[in-house]
Amino acid sequence: MQTLTPLLSLDRDSRMARLAELVPIGPTAAATSIPPGGIRGGRDAALRRLTAIDPVAYARTRNFTGGAVSRLSPWLRHGVLSLAEVRDAALDRVSQPADAEKFISELGWRDYWRQVQAALGPLIRRDIEPPAARWRTTSRLETMPADVLAAQTGLACVDDFVRRLHDTGWLHNHERMWLASWLVHIRGVRWQVGADWFLSHLLDGDPASNHLSWQWVAGTFSAKPYLFNRENLERFTDGAHCRDCGLMGECAMEGSYDDLEGRLFAAGPQQRDPLRIPPAPHWRLGDAPPTGGPLVWLTLDSLAATSPAARRYSTAPRLFVVDPAWLSEEQPSLKRLAFIFDCLAEIDDLEVVHAAPAEAVPLVASRLGCGFVAVTSTPCPATRDAAARIAMHLPVHVIDEPPFCDRSRVTDLGRFSRYWSKVSRSALAPTPDRQR
Ligand SMILES: Cc1cc2nc3c(=O)[nH]c(=O)nc-3n(C[C@H](O)[C@H](O)[C@H](O)COP(=O)(O)OP(=O)(O)OC[C@H]3O[C@@H](n4cnc5c(N)ncnc54)[C@H](O)[C@@H]3O)c2cc1C
C-alpha cells in the first residue's frame, strides 16, 4: 500500500510529476499533459461555476456549441456538486419553475443513466438491445483509427473535436453526439472502443453517462441510431467547421437523413422486443453500529467534504484510495487525475493511498481504530463490489445522496421518457427544507 497523502500539499504540477513517479499512471496519462489555464477541480471552483448558470438562456441555446451550457459536468460526476443542489440553484435563478424545466430535465438524464447503471452493473458495457438498424458493413473496428487519434482525418469538425477532447477533456454534448455518431456509423468503430477512448479523456468521464450515451448513439439502447448531416452540424456550430473544411461538399454527412440512412443501413428496422429494466433495490450493506468511530471512505463519486458521508461524519478521518485496477482499466488522462487531486487537496484530514480498496479500507480503519466505514451511495459496480468485500470485515454504513427526485413509482428503466414521466414532478420541485 503506497501512501500518496504528501502529494496533497504540493502545487499542481509538482503533484502530478510526483504521482507519475510513485504509481503506474498508465500510457494515456503518461502521453497527455495538463493544459495551462484548464479546468480546476474542487468545491470552490464548482461553486463559482454554479453561480454562473442561466437556465433561461440554456433552454434557448443549449444545442448550439456556443450556447449557455453550464459546464458543471466534471464536478457533478465526482459528487463535488449534487444533482439536488444544482437543481435548487437553477430554481433560485428563475421567476417561475417552468423556466428551469429544460435544464433540470438534462440533470434528469444523469440521474437516469445512474439508475440504469445501478440496475445493470457491468452489463452496461455490452449491447443492451440488438442494434435498432442493420449496418451495411457488418465488421466493426476493434481499435481507434490512427488518423482519428492524430486528428488528421481531413474533416475540420472531427479533427477539432478530437484535438479539444485530448487537450481540454471537455466537449459540448452536441459535439460528443456528432463525434460518436461519425465514429460508429460512418467509420465503423465498435461503440465500446469509442466509449473507452472518451472515458480516458473526459474530465467528467463516467461509465454510466458515457457508455450509455454511446449505446444511445449506436442504437443499442434507443429506438433508432443517432445520425446527423452536414446541415445539422453547420446550423448548431454556426458553420464554423464546414467553412474551412477541405472536404466541404464531399464528406459522408452530405445529404438528407433519408440519403444517409439508405447509404448506411440495410432496409427495414430490426425486430426487437420492448425492453423492461426493473430498478435495482436500494443499496444497503446493513446498519452502522451505534458505537465506534467511522472511517469515511471517499470514492470517485464523492470527492468533497460536503459529500453525504463526509458531511454526516464531519469530524471523522477520511480516506481516498487510488485503485490500480481503475487506473489500468479506465486509463484516465493526466488532466482527469489532476482534476481529481485538486478536489482531494481541498479536503481536510484526508489520507490517500494507492492500493485495492477492499484491502486498503479495512487496514486503514484498523490502524486508526475506526469501528465502521461510511461511504456515500454510488451505482459504480466496482465500488459496490469493494464495499461488499469490506463489509465482511467491518460494518459499512451507506449514506444516501440528497434526493433529486421521488423514484417510488418507477418500475421500468427501459427508456428515459418512461422514467421522466414518473419522476419529473418531484425533480422539478425544490428540496423540501429549501422551499422559498
Ligand atoms: C457520446 C457521449 C458521451 C458522454 N459522456 C459523458 C460522461 O462521461 N460524463 C458525463 O457527465 N456526461 C457525458 N455525456 C453527457 C453530456 O454530453 C455531458 O454531461 C454534458 O455535455 C456536460 O456539459 P454541461 O455540464 O455543460 O451540461 P449541461 O447541458 O449544462 O447540463 C447540466 C448537467 O446535466 C447533466 N447532463 C446534461 N446532459 C446530459 C446527458 N445527455 N447525459 C447525462 N447527463 C447529462 C450533466 O451532469 C451536466 O453537467 C455524454 C454524452 C454523449 C453524447
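Rules of the game
Residues numbered from 1 in each chain as written. Predicted model: local features only at pLDDT ≥ 70, side-chain atom pairs only at ≥ 80, totals over all residues. Heavy atoms only, no water. Near = heavy atom within 4 Å. Polar contact = N/O pair within 3.5 Å; in protein donor to acceptor, adjacent residues only side chain to side chain. Areas by Shrake-Rupley, 256 points an atom, 1.4 Å probe, with all protein chains shown as cover. Helix = DSSP H or I, 4+ residues; strand = E, 2+ residues; numbered from the N terminus. 1 Å grid on protein atoms, 1.4 Å probe; cavity = no way out; pocket = protein on both sides within 12 Å on 5 of 7 lines; lining within 4 Å. Points joined across faces, edges and corners; volume = space filled by probe spheres on them. Nonpolar A, V, L, I, M, F, W, Y, C, P; charged D, E, K, R; others polar. Phe/Tyr/Trp six-rings, centres within 6.5 Å; stacked < 30°, edge-to-face > 60°. Buried < 20%, exposed > 50% of the residue type's maximum accessible area, 1.4 Å probe, protein only. Lys NZ or Arg CZ within 6 Å of the ring centre and 35° of its normal. Domains from an automatic or database assignment. Contact = heavy atoms within 4.5 Å. Buried area = accessible area lost by both parts, 1.4 Å probe.

In the region of the ligand, 27 residues are neighbours, and Y58, S70, R71, N173 and D204 sit closest. L72 is positioned with one of its backbone polar atoms (N or O) 2.9 Å from an oxygen atom of the ligand. The backbone of E106 places a nitrogen or oxygen atom 3.3 Å from a nitrogen atom of the ligand. Coverage of the ligand by the protein amounts to 97% of the 810 Å² it exposes when considered alone. Contributions of two or more residues to the shell around the ligand are made by α5 (73-77), α7 (101-120), α10 (173-186) and α12 (207-218).

All chains considered together, the criterion is met by 2 cavities of 30 Å³ or more. By volume, the largest cavity amounts to about 90 Å³. As for the largest cavity, its lining consists of L155, C157, R230, L233, H241, C242, C245, L247, M248, C251 and M253. Of the residues assigned to the lining of the largest cavity, the class counts are 9 nonpolar, 1 polar and 1 charged. In this structure, the second largest cavity encloses a volume near 40 Å³. If you go around the second largest cavity, the residues you meet are R12, I34, P35, G38, I39, T168, L203 and K335. Of the residues in the lining of the second largest cavity, the class split is 4 nonpolar, 2 polar and 2 charged.

In the structure shown here, the tally under the stated rule is 17 aromatic pairs. For the ring pair F161 and W178, a centre distance of 6.1 Å and an interplane angle of 20 degrees mean the geometry is stacked. Placement of F161 in helix α9 (residues 156-168) and of W178 in helix α10 is noted, with a sequence separation of 17 residues between them. Plain terms: the ring middles of W178 and F228 are 6.3 Å apart, the flat faces sit at 50 degrees to each other, and that makes the pair tilted. With W178 in helix α10 and F228 in the loop between α12 and α13 (230-237), this pair connects stretches of sequence that are 50 residues apart. Just as W178 is buried, F228 falls in that class too. Connected via pairs of aromatic rings, a cluster forms that spans W109, Y112, W113, F221, F416, Y419 and W420. Here the guanidinium or amino end of R140 rests over the ring plane of W135, the centre of that ring lying 3.7 Å away.

Once the domains are mapped, the protein chain shows domain 1 (41-123 + 414-434) and domain 2 (129-264). The centre of domain 1, based on its C-alpha atoms, is set 24 Å off from the matching centre of domain 2. Contacts between domain 1 and domain 2 engage 19 residues on the former and 24 residues on the latter. Contact between domain 1 and domain 2 buries roughly 1,900 Å² in total, counting both sides, with carbon and sulfur atoms accounting for 58%.

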